[in-house]
Amino acid sequence: MALVYKLPSVSSSTSVSGQNLKHFLIPRTICSLNYKSSPFTEKHSIERCQRDHWLYKLDYQSDSSCPLPSDKECIRENDIALQLPELRKLLHVLKEKRTTCGKNGEKCGPGNVYLVGTGPGDPELLTLKAVKMIQKADLLLYDRLVSNDVLDLVGPHARLLYVGKTAGYHSRTQEEIHELLLSFAEAGATVVRLKGGDPLVFGRGGEEMDFLQQQGIQVKVIPGITAASGIAAELGIPLTHRGVATSVRFLTGHSRKGGSDPLFVAENAADPDSTLVVYMGLATLPSLALKLMHHGLPAETPAAAVERGTTPQQRVIFAELNDLADEIASAKLVSPTLIVIGKVVSLSPFWPHSSKQASCLMEAV
């Protein structure tokens, strides 16, 4: 048994029922291509065209379909080729500015790189430090999971460069992202690398930090609320709870070499007294669920899958572990979806099953 909820962000409304709920679930159209309405920055969105016009120099109409070509026509190499001339111009301007600064007798060393976490989607979950840095940056490299509302905070004179990744399409390789960060930092720019969630939780921030530090570039990390914390709080799920869950474990549904079955940690993760949070786990959940049950996690363990958590487009499935994969497929959840598995899920006020289970847990504490 499962139940699918469309829940608005807590910051958007204090009600989750009736006409108010219906009002907050109306999606805003971003682009009339093959993408569904999304709060996140997709490669072909009208908003991205408007922000990145300095790169593409395209004519667009805000009330029609997106001018960028479809995925079948827009191969990665052409996309990069369009951007390179303007990137070179920007680098040239920055280098000239640095040279001028040096003529005045001032010391002009390389710029700094800031790895900034933007949280799970709701812009009100940004830290004050993150907002200040977003507003003062010269250049921002942003991922797919950075919401449009967050990008609206960028200063008027900053440049934005999309470097997002989605299944089957990487606008930039990780190595190219490293080189872009290095090139602009060496030119003296204040560079911000915007990442959804927290930069150092499945965000490859550690790789970027290590590369830049080896090149003599100072890197500062501004943490963000990772999806596990932000989304669990949104649903009223305590990731740990005295007498119910004594630990929490974050897992990734991706492996470094790809494939559909990277979750070899299931044997050690099948602990009924722990909470499991799976990032990027839609494709591998069927395999993971079977392995967890095989290694002793009860089939009736409460679980939740949350698509686009903390945004007005949030959708939630509650189900027991043995039913979760089927219910996700039936509801056609898409990335980004976070999965929470553990007894604490039944403590959520939205848990659709009998409250008897949650009451028993609380009495046992």
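Residues numbered from 1 in each chain as written. Predicted model: local features only at pLDDT ≥ 70, side-chain atom pairs only at ≥ 80, totals over all residues. Heavy atoms only, no water.

Along helix H8 (residues 205-214), the residues classified as buried are Gly-205, Glu-208, Phe-211 and Leu-212. Burial along H8 is one-sided: seen end-on, the buried residues are contained in an arc of 135°. Where H8 is buried, its residues contact strand S2 (113-117), helix H7 (174-186), strand S7 (191-195) and strand S8 (219-222). (Buried < 20%, exposed > 50% of the residue type's maximum accessible area, 1.4 Å probe, protein only. Helix = DSSP H or I, 4+ residues; strand = E, 2+ residues; numbered from the N terminus. Arc of directions from axis to C-beta. Contact = heavy atoms within 4.5 Å.)

Here H7 crosses H8 at 50°, and the two axes come no closer than 10 Å. When the axis of H7 is compared with that of H8, the two are oblique. Crossing geometry of H7 relative to H8 is assigned as right-handed. Between H7 and H8, the residues in contact are Gln-174, Ile-177, His-178, Glu-179, Leu-181 and Leu-182 and Glu-207, Glu-208, Phe-211 and Leu-212, respectively. Considering only residue class, the contact of H7 with H8 consists of 5 nonpolar, 2 polar and 3 charged. (Axes fitted to C-alpha atoms, helices over the stretch in contact; angles between N-to-C directions. Parallel < 35°, antiparallel > 145°, perpendicular 65-115°, else oblique. Left-handed = near helix turned anticlockwise from the far one by under 90°. Nonpolar A, V, L, I, M, F, W, Y, C, P; charged D, E, K, R; others polar.)

Attention now moves to the nonpolar core. Counting 23 residues, the largest nonpolar core has Val-113, Leu-141, Leu-180, Leu-181, Phe-184, Val-191 and Leu-212 as the members making the most contacts within it. Counting only elements with at least two residues in this core, the list comes to helix H4 (76-103), S2, strand S3 (139-142), H7 and H8. It is H7 that contributes the most residues to this core, 6 residues altogether. Grouped together as the second largest cluster of nonpolar side chains are 22 residues, Ala-269, Val-278, Ala-289 and Ala-303 included. (Core = buried A, V, L, I, M, F, W, Y, C linked by side-chain atoms within 4.5 Å.)

Right, let's talk about the sheet that holds S7 for a bit. Strand order in the open sheet formed by 5 strands is S4-S3-S7-S2-S8, and the pairing between neighbours is parallel. Single-partner strands in this sheet number two, and they are strand S4 (159-162) and S8. Each strand of the sheet is rotated relative to its neighbour by a mean of 20°, with strand direction disregarded. Sheet analysis places S3 next to S7, joined by 4 bridges and oriented parallel. Counted as the bridge partner of Leu-141 is Arg-193 from S7. On top of the sheet, helix H5 (residues 128-136) reaches S2, S3, S7 and S8; it is set at about 130° to S2, its chief contact. (Pairing = 2+ DSSP bridges.)

Turning to the pattern of salt bridges, a few remarks are in order. In a structure, side chains of opposite charge can pair up when their charged atoms sit close to one another. Scanning the entire structure with this criterion turns up 7 salt bridges. The closest approach of N and O atoms between Arg-193 and Asp-143, which form a salt bridge, is 2.8 Å. Here Arg-193, found in strand S7, pairs with Asp-143, found in the loop between S3 and helix H6 (148-151); they are 50 residues apart in sequence, far enough to count as distant. With respect to burial, Arg-193 and Asp-143 carry one shared label: buried. When the shortest N-O distance is used, the salt bridge between Glu-307 and Arg-308 registers 3.6 Å. Residue Glu-307 shares its accessibility class with Arg-308, and that shared class is buried. (Salt bridge = Lys/Arg side-chain N within 4 Å of Asp/Glu carboxyl O.)

Before going further, it helps to spend a moment on unusual backbone geometry. The peptide bond linking Ser-335 to Pro-336 adopts the cis configuration, its omega dihedral lying at 0°. Along the polypeptide, Pro-336 turns up in the loop between helix H12 (321-331) and strand S13 (337-341).

A cluster of nonpolar residues, Phe-202, Val-248, Phe-250 and Met-280, forms a patch on the protein surface that exposes about 310 Å² of accessible area. Its location among the elements puts Phe-250 in strand S9 (residues 247-252). Judged by relative accessible area, which is 30%, Phe-250 ranks as partly exposed. (Patch = residues over 30% accessible without salt bridge, like charges linked within 9 Å, V, L, I, M, F, W, Y side chains within 5 Å. Areas by Shrake-Rupley, 256 points an atom, 1.4 Å probe, with all protein chains shown as cover.)

Next up on the list: the pairing of S7. By the criterion of burial, S7 is predominantly enclosed, with 5 of the 5 residues buried. Side chains of S7 alternate between two faces, with Val-191, Arg-193 and Lys-195 and Val-192 and Leu-194 buried alike. The pairing of S2 with S7 spans 5 bridges and is classified as parallel. When the sheet's bridge partners are listed, Val-113 is paired in S7 with Val-191.

Moving on: the pairing of strand S12 (residues 315-320). Of all 6 residues making up S12, 5 are buried, and the element is well covered by its neighbours. Bridge analysis of strand S11 (residues 302-307) against S12 gives 6 bridges, and the strand direction is antiparallel. The partner of Ala-305 across the bridge, within S12, is Ile-317.

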